[in-house]
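# Topology and contacts: notes
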Amino acid sequence: MKKDFLSLLDIDEHELESIVADAVRLKRLKSAGTAHELLRGKSLGMIFEKASTRTRVSFEVGISDLGGHALFLNPQDMQLGRGEEIRDTARVLARYVDAVMIRAYSHATIEEFARYANVPVVNGLSDRLHPCQVLADIMTLSERFGDLHGLKLAWVGDGNNVCNSWILSSALTGMEVAVASPPRYQPEDEIVDRARAMGGKVTIVADPKEAVRDADVLYTDIWVSMGDEQERAERLQALKGYTIDSRLLAQASPDALVMHCLPAHRGEEITDEVMEGPQSIVWDQAENRLHAQKALLVRLIGGGMTSVE
Ligand code: CP
Ligand code: NVA
């Protein structure tokens, strides 16, 4: 049966560990210049309803490193843009390509696509979740800390799609996720309940200082996500005071690391000083999108990593 990756909960903690371990091996192979064409001849369709820099380039370069190739599909240039239905597009594309990555405004679009496509479907970001980002983030933290169990991540700012995926991940990693968001922009209750029911340790507070106390990692994201542009003024108002700056960072554990999925708006959710400072690991996160997604694709459409050292 085909396996999709629409949410982190589509994998269990053992699969997560093994994807991260494979990603670290793939990173090593790439930096040594060793060929690792585990997906020779495979093709990946990539549908982007919204803009992207990291997701697009990392998937495209990733499958090319693995000996396959990607097709960038803009809905406006497809019949989708003229009203062809998702379920029809899904069934047709699945006859041509080996997997589809889709970035969509609505999570329901991705779910519908996955229901009808007879090949693995990967969520490249929706209004609800961004599992590929958090997969790469977990790899990045594993490189730094080894075992993640018991670490505390403080999310400061908008309780958005990336935040929701972090909350779900707590059920897999054993990390505590403490979210500080203004009341109107807190993460989805259903997601918090789900993570907690699976053993995740999640706390939601309004005060950033409370969330960052003893935190090993501080994480933030833009205040105005794609699709929220019409709420810009209210959001900037409500999120004032939720900036990760050096004063807030000083209240976390002394060696706390700072993460951001990017793109960043310096001066809003994070200051330039913190983003460029020694505790920031944002570029490693961005790089690891490549390695983590390669490991994911090998798992979904390849024969696994057994054939390479
Ligand atoms: N972090 C992330 O997904 O970036 P892009 O929007 O550039 O793909
Ligand atoms: N929360 C952001 C993430 C961008 C990678 C958005 O959805 O626009």
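Please read these numbers as outputs of a predicted model, since none were measured by experiment.

Rules of the game
- Residues numbered from 1 in each chain as written.
- Chains lettered and ligands numbered in written order.
- Predicted model: local features only at pLDDT ≥ 70, side-chain atom pairs only at ≥ 80, totals over all residues.
- Heavy atoms only, no water.
- Pairing = 2+ DSSP bridges.
- Helix = DSSP H or I, 4+ residues; strand = E, 2+ residues; numbered from the N terminus.
- Axes fitted to C-alpha atoms, helices over the stretch in contact; angles between N-to-C directions.
- Buried < 20%, exposed > 50% of the residue type's maximum accessible area, 1.4 Å probe, protein only.
- Arc of directions from axis to C-beta.
- Contact = heavy atoms within 4.5 Å.
- Salt bridge = Lys/Arg side-chain N within 4 Å of Asp/Glu carboxyl O.
- Parallel < 35°, antiparallel > 145°, perpendicular 65-115°, else oblique.
- Left-handed = near helix turned anticlockwise from the far one by under 90°.
- Nonpolar A, V, L, I, M, F, W, Y, C, P; charged D, E, K, R; others polar.
- Expected span 1.5 Å × (residues − 1).
- UniProt positions renumbered as here; feature names shortened; annotations may be inferred.
- Patch = residues over 30% accessible without salt bridge, like charges linked within 9 Å, V, L, I, M, F, W, Y side chains within 5 Å.
- Areas by Shrake-Rupley, 256 points an atom, 1.4 Å probe, with all protein chains shown as cover.
- Lys, Arg positive; Asp, Glu negative; His and termini not counted.
- Charge placed at Lys NZ, Arg CZ, Asp CG, Glu CD.
- Right-handed = clockwise from strand over helix to strand, strands pointing away.
- Near = heavy atom within 4 Å.
- Polar contact = N/O pair within 3.5 Å; in protein donor to acceptor, adjacent residues only side chain to side chain.

## So, the sheet that holds strand β8 (residues 217-220)
- Reading across the sheet, the five strands line up as β7-β6-β5-β8-β9 and stay open at both edges, with parallel pairing between neighbours. Edge positions in the sheet fall to β7 (201-205) and β9 (257-260), since each of these pairs with one other strand and no more. Across the sheet, the mean angle from the axis of one strand to that of its neighbour is 20 degrees, orientation sign disregarded.
- Across five bridges, strand β6 (residues 176-180) lies against β7 in parallel orientation. From the neighbouring strand, Val-177 faces β7, where its bridge partner is Val-202.

## A short note on helix α7 (residues 189-197)
- Those residues of α7 that sit buried are Ile-191, Val-192 and Ala-195. The arc enclosing the buried residues of α7, seen along the axis, measures out at 100 degrees, which places them on a common side. Structural note: α7 exposes Asp-189, Glu-190 and Ala-197 on the side pointing more than 90 degrees away from its buried face.
- The inward-facing, buried residues of α7 contact α6 (161-173) and β7.

## A look at the pattern of salt bridges
- The full count for this structure, using the stated rule, is 21 salt bridges.
- A salt bridge links Arg-40 to Glu-37, with the shortest nitrogen-to-oxygen separation between them at 3.0 Å.
- Of the residues examined, Arg-40 reaches a relative accessible area of 61% and is grouped as exposed.
- Residue Glu-37 is classed as partly exposed on the basis of its relative accessible area, which comes to 40%.
- Across the pair Lys-201 and Glu-176 runs a salt bridge whose closest N-O atoms are separated by 3.7 Å. Within this pair, whereas Lys-201 is found in strand β7, its partner Glu-176 is found in strand β6, the two being separated by 25 residues in sequence.
- Taken together, the shared-partner salt bridges in this structure form one network comprising Asp-158, Asp-228, Glu-231 and Arg-235.

## Topic: the packing of α6 against α7
- Relative to each other, α6 and α7 sit at 15 degrees, their axes nearing to 7 Å. With respect to their mutual orientation, α6 and α7 come out roughly parallel. Crossing hand, α6 versus α7: left-handed. For the pair α6 and α7, the contacting residues are Asn-164, Ile-167, Leu-168, Ser-170 and Ala-171 in the first and Ile-191, Val-192, Arg-194 and Ala-195 in the second.
- Taken together, the residues that form the contact of α6 with α7 break down as six nonpolar, two polar and one charged.

## Looking at helix α5 (residues 131-145)
- Across its 15 residues, α5 extends 21 Å between first and last C-alpha, which sits within 8% of the 21 Å expected from 1.5 Å per residue.
- Of all the positions in α5, only Pro-131, Cys-132, Gln-133, Val-134, Leu-135, Ala-136, Asp-137, Ile-138, Met-139, Thr-140 and Leu-141 are classed as buried.
- Gly-146 sits one or two positions beyond α5 and adopts a positive phi of about 75 degrees.

## Section: the UniProt feature "domain: Aspartate/ornithine carbamoyltransferase Asp/Orn-binding" (unreviewed entry) in the protein
- Mapped onto this numbering, the UniProt entry annotates "domain: Aspartate/ornithine carbamoyltransferase Asp/Orn-binding" (unreviewed entry) at residues 150-299.
- Helix makes up 40% of residues 150-299 and strand 15%, with an end-to-end C-alpha separation of 27 Å.

## Remarks on a negative patch on the surface
- Where like charges cluster on the molecular surface, the negative patch consists of Asp-12, Glu-13, Glu-17 and Asp-147.
- Residue placement: Glu-13 occurs in helix α1 (residues 13-32).
- For Glu-13, a relative accessible area of 41% gives the class partly exposed.

## Points about the UniProt feature "domain: Aspartate/ornithine carbamoyltransferase carbamoyl-P binding" (unreviewed entry) in the protein
- Under the feature "domain: Aspartate/ornithine carbamoyltransferase carbamoyl-P binding" (unreviewed entry), the UniProt entry names residues 3-143.
- Within residues 3-143, the helical portion is 45% and the strand portion 13%, while the C-alpha atoms at the span's ends are 27 Å from each other.

## Observations regarding the pairing of β6
- Most of β6 is tucked away: five of the five residues are buried.
- Where burial is concerned, the two faces of β6 agree: the one with Glu-176, Ala-178 and Ala-180 and the one with Val-177 and Val-179 are both buried.
- Sheet topology note: the strand β5 (residues 152-156)/β6 ladder contains five bridges and is parallel. Of the residues in β6, the one forming a bridge with Trp-155 is Val-179.
- On the question of chirality, the crossover connecting β5 to the parallel β6 by way of α6 is right-handed.
- Regarding topology, α7 serves as the crossover connection from β6 to the parallel β7, and that connection is right-handed.

## What to know about the site of ligand 1
- Neighbouring ligand 1 are the residues Ser-52, Thr-53, Arg-54, Thr-55, Arg-103, His-130, Gln-133, Cys-261, Leu-262 and Arg-289.
- Thr-53 is positioned such that a nitrogen or oxygen atom in its backbone is 2.7 Å from an oxygen atom of ligand 1.
- Between ligand 1 and Thr-55, the relevant distance is 2.7 Å, taken from an oxygen atom to a side-chain nitrogen or oxygen of the residue.
- About the coverage of ligand 1: the protein hides 96% of its 260 Å² of free accessible area.
- Residues belonging to the shell around ligand 1 are distributed by class as follows: two nonpolar, five polar and three charged.

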